[in-house]
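Given next are the chains, with one letter for each unit.
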Amino acid sequence: MNNKRIAVVGAGPGGLAAAMMLSSWGYHVDVFEKHGVVGGRASNFSIDDYRFERGPTFLSMPFILEELFASSGRVFSDYVQLERVDPMYDLIFPNLTFQPSSDPTLTRKRIAEAFPGEEIGYDRFMKETGKKWERLLPVLQTEHRQLRDYVSKRAIKALPNLSIGRSLYDELSRFFKDERLKLSFTFQSKYLGMSPWKCPGAFSILSYMEHRYGVYYPIGGFQSIANAMKTIIEENGGNVFTHTEVSKVMTKNKKAIGISLSSGEAFHYDQVIVNADFGHAITELFEEEDLNRWTPRKLKNKQLSCSSFMLYLGVKKTFNANHHNIYFANDYKKNVEEISEKLVLSKDPSFYVHHPSVSDSSVDKNGQSSLYVLAPVPNNRSQIDWSKEKNAYSNHLIEKMQQKTNFTFSESDIDVLSIYTPKDWEQEMNVYEGATFNLGHQLSQMMYFRPHNRFQDVDNCWLVGGGTHPGSGLPTIYESARITAKAIEKTYGRLRDSI
Ligand SMILES: Cc1cc2nc3c(=O)[nH]c(=O)nc-3n(C[C@H](O)[C@H](O)[C@H](O)COP(=O)(O)OP(=O)(O)OC[C@H]3O[C@@H](n4cnc5c(N)ncnc54)[C@H](O)[C@@H]3O)c2cc1C
């Protein structure tokens, strides 16, 4: 073990992954987590016999996790068992259900059957976006510190692949004619909390990633990944303190020197990594005089993602349905505009139903179903009063489920109903303005223009998670941890370029 001590604020996927790697490389690492469980937005919770994911349910590109575990001297599959989900998801439009498979050959066949002729567009999409992916991946895996990084050969090659000036929807319109197919390959912008009509065309790599690598679910839920990382940190001699809220990152001469806790205790460290939501960190964890590039006032002018209205439903019934079920509003564009521009609640919402027992027999043993329903809604800049709206919106969604889905049940079938609103994300999970997918992913807020992994305003302070580069979503969040961990190693003169 070396003599450097690192504090990590928050045990979300980003914080745990960075702590796992750094503790495996010989640092003493202490993780401080406000909640009683680790995993942050990617954790599980149970009510009675029902088990729910708090947030993420799709895992893509598991090889990134395998690489992170390998760099920590571990084998991922010794800790977590993944189930490949097939079909990847049911995309349910008013007059058609499309089931893309984790096997691209089968997806092509289904496209040819449901949208004759469009399979040629699929071939072209996979080929062209594959090339784009190869060019962009190194850019996503690299730290962006200076604008002059963009004159490197690799960056210049990647720039045309950003599809600058073209929205995701426009980009997919190059490959498909049918509106439903365009939406089937653009709805993934919702993972970033953005509209396909506003999201940069570069993000066609999101649907490509799924079609190339498939979609996975960890047996035992996403908690199993967080628990595995916690175990490794502890095996390495680190600590994960739960129920321990950090109140400030302590600084001296604009350098982080440790953290203080809400309990009043304070501890010194050589480096501090912040995994708490970026907006929360800027508004709560730093003294304003330490901030310059990123201040609470400047944050007000930044674009944020949308939020998520959640119903966690324990129902005394089983259902004949697949794992991931996405129901599109009759007028999807209107729904998206209501969420991201008009900032009002949609009468005709799109929503997603999570039905994990299809892939994981450890959930729902007794003829019951742990369902979660997610409806994208405006973030808290909308000023929606959730204390007034939450029950009515919950009823509205349950009504829509009865009208549009196979998940039909009566009121007496409901054992558990727990509602989580954008206000809850903000107050309980410390998510700035309840924007569950962080800062928006407009090009003006990406790469060099996103908060850097090496926090620009305070030395010896680092960021990991969805608010920093490369962005929100588990694969990119794990990448943020890898970038930060490698950069910390570099500051101590050690290079880990091969990881
Ligand atoms: C509803 C929803 C669905 C999603 N679905 C997917 C999906 O299917 N696939 C996917 O790839 N991504 C998905 N995401 C996006 C993203 O992957 C997750 O949100 C992810 O958990 C974010 O990880 P993070 O490391 O940024 O931090 P978080 O998960 O937010 O973790 C931060 C941690 O810091 C703690 N914390 C905050 N403040 C303090 C403090 N002051 N002191 C101590 N601890 C503190 C919090 O309690 C939390 O545990 C989803 C997100 C949401 C909200």
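Residues numbered from 1 in each chain as written. Predicted model: local features only at pLDDT ≥ 70, side-chain atom pairs only at ≥ 80, totals over all residues. Heavy atoms only, no water.

## Considerations on the overall build of the chain
Next up, step 1: Along the chain, the regular secondary structure elements total 16 helices and 20 strands.
Next up, step 2: Relative to a compact globule of 499 residues, whose C-alpha radius of gyration would be 23 Å, the chain shows 22 Å and is just as compact.
Next up, step 3: In terms of principal-axis extent, the alpha carbons of the chain reach across some 60 × 55 × 45 Å.
Next up, step 4: Burial status across the chain gives 61% buried among its 499 residues.
Next up, step 5: Taking as baseline every contact in the chain between residues at least 6 positions apart, the subset at least 24 positions apart corresponds to 72%.
Next up, step 6: Counting every atom, the chain has about 19600 Å² of accessible surface; 48% of that belongs to carbon and sulfur.
Next up, step 7: Between the averaged position of the 59 positive side-chain charges in the chain and that of its 58 negative side-chain charges there is a distance of 7 Å. (Helix = DSSP H or I, 4+ residues; strand = E, 2+ residues; numbered from the N terminus. Rg over C-alpha atoms; globule rule 2.2 N^0.38 Å. Buried < 20%, exposed > 50% of the residue type's maximum accessible area, 1.4 Å probe, protein only. Contact = heavy atoms within 4.5 Å. Areas by Shrake-Rupley, 256 points an atom, 1.4 Å probe, with all protein chains shown as cover. Lys, Arg positive; Asp, Glu negative; His and termini not counted. Charge placed at Lys NZ, Arg CZ, Asp CG, Glu CD.)

## Here's the deal with the site of the ligand
Next up, step 1: The ligand sits among 41 residues. The nearest are Glu33, Arg41, Asn430, Gly466 and Leu474.
Next up, step 2: The separation between an oxygen atom of the ligand and a polar main-chain atom of Gly14 is 2.9 Å.
Next up, step 3: A distance of 2.6 Å separates an oxygen atom of the ligand from a polar atom in the side chain of Glu33.
Next up, step 4: Here the ligand has 990 Å² of accessible area as a free molecule, and 97% of this is covered by the chains.
Next up, step 5: For the shell around the ligand, the secondary structure elements donating two or more residues are helix 1 (13-24), helix 11 (278-285), strand 15 (307-315), strand 18 (369-377) and helix 16 (474-491).
Next up, step 6: Among the domains, domain 1 (5-83 + 219-302 + 441-491) and domain 3 (306-428) are the pair contributing at least three residues each to the shell around the ligand. (Near = heavy atom within 4 Å. Polar contact = N/O pair within 3.5 Å; in protein donor to acceptor, adjacent residues only side chain to side chain. Domains from an automatic or database assignment.)

## Structural notes on the domain arrangement of the chain
Next up, step 1: Examined at the domain level, the chain breaks down into domain 1 (5-83 + 219-302 + 441-491), domain 2 (103-213) and domain 3 (306-428).
Next up, step 2: Relative to domain 3, the C-alpha centre of domain 2 lies at a distance of 27 Å.
Next up, step 3: Across the contact, 8 residues belong to domain 2 and 10 residues belong to domain 3.
Next up, step 4: For the pair domain 2 and domain 3, the summed buried surface comes to about 850 Å²; carbon and sulfur atoms form 76% of the total.
Next up, step 5: If you sort the residues of domain 2 by the area they bury against domain 3, Phe187, Lys190 and Trp197 come out on top, with a joint share of 56%.
Next up, step 6: The shortest N-O distance in the salt bridge between Lys198 and Glu341 comes to 2.9 Å.
Next up, step 7: Linking domain 2 with domain 3 are 2 residue pairs in polar contact (both at pLDDT 80 or more).
Next up, step 8: Of the residues assigned to the side of domain 2 that touches domain 3, the class counts are 4 nonpolar, 2 polar and 2 charged. (Buried area = accessible area lost by both parts, 1.4 Å probe. Salt bridge = Lys/Arg side-chain N within 4 Å of Asp/Glu carboxyl O. Nonpolar A, V, L, I, M, F, W, Y, C, P; charged D, E, K, R; others polar.)

## Quick notes on the environment of Arg482
Next up, step 1: Among the structural elements, Arg482 can be located in helix 16.
Next up, step 2: Arg482 sits 192 residues away from Asp290 along the chain, and the two C-alpha atoms are 26 Å apart.
Next up, step 3: Here Arg482 is in contact with Met21, Ile64, Glu67, Leu68, Gln141 and Ile499, once residues within four sequence places are set aside.
Next up, step 4: Side-chain polar atoms of Arg482 contact the side chain of Glu67, separated by 2.8 Å.

## Regarding the sheet that holds strand 20 (residues 461-463)
Next up, step 1: With parallel pairing, 5 strands are arranged side by side in an open sheet as 10-2-1-14-20. One side of each edge strand has no neighbouring strand; the edge strands of this open sheet are strand 10 (239-241) and strand 20. Between one strand and the next, the sheet's axes are offset by a mean angle of 20°, whatever the strand orientation.
Next up, step 2: Strand direction decides the pairing type here: strand 1 (residues 5-9) and strand 2 (residues 28-32), joined by 5 bridges, are parallel. Bridge pairing in strand 2 places Val8 opposite Val31.
Next up, step 3: Lying on the sheet, helix 1 is in contact with strand 1, strand 2 and strand 14 (271-274); it crosses strand 2 at an angle near 165°.
Next up, step 4: Sheet strands touched by helix 16: strand 1, strand 14 and strand 20. Its angle to strand 20, the strand with the most contacts, is close to 155°. (Pairing = 2+ DSSP bridges. Axes fitted to C-alpha atoms, helices over the stretch in contact; angles between N-to-C directions.)

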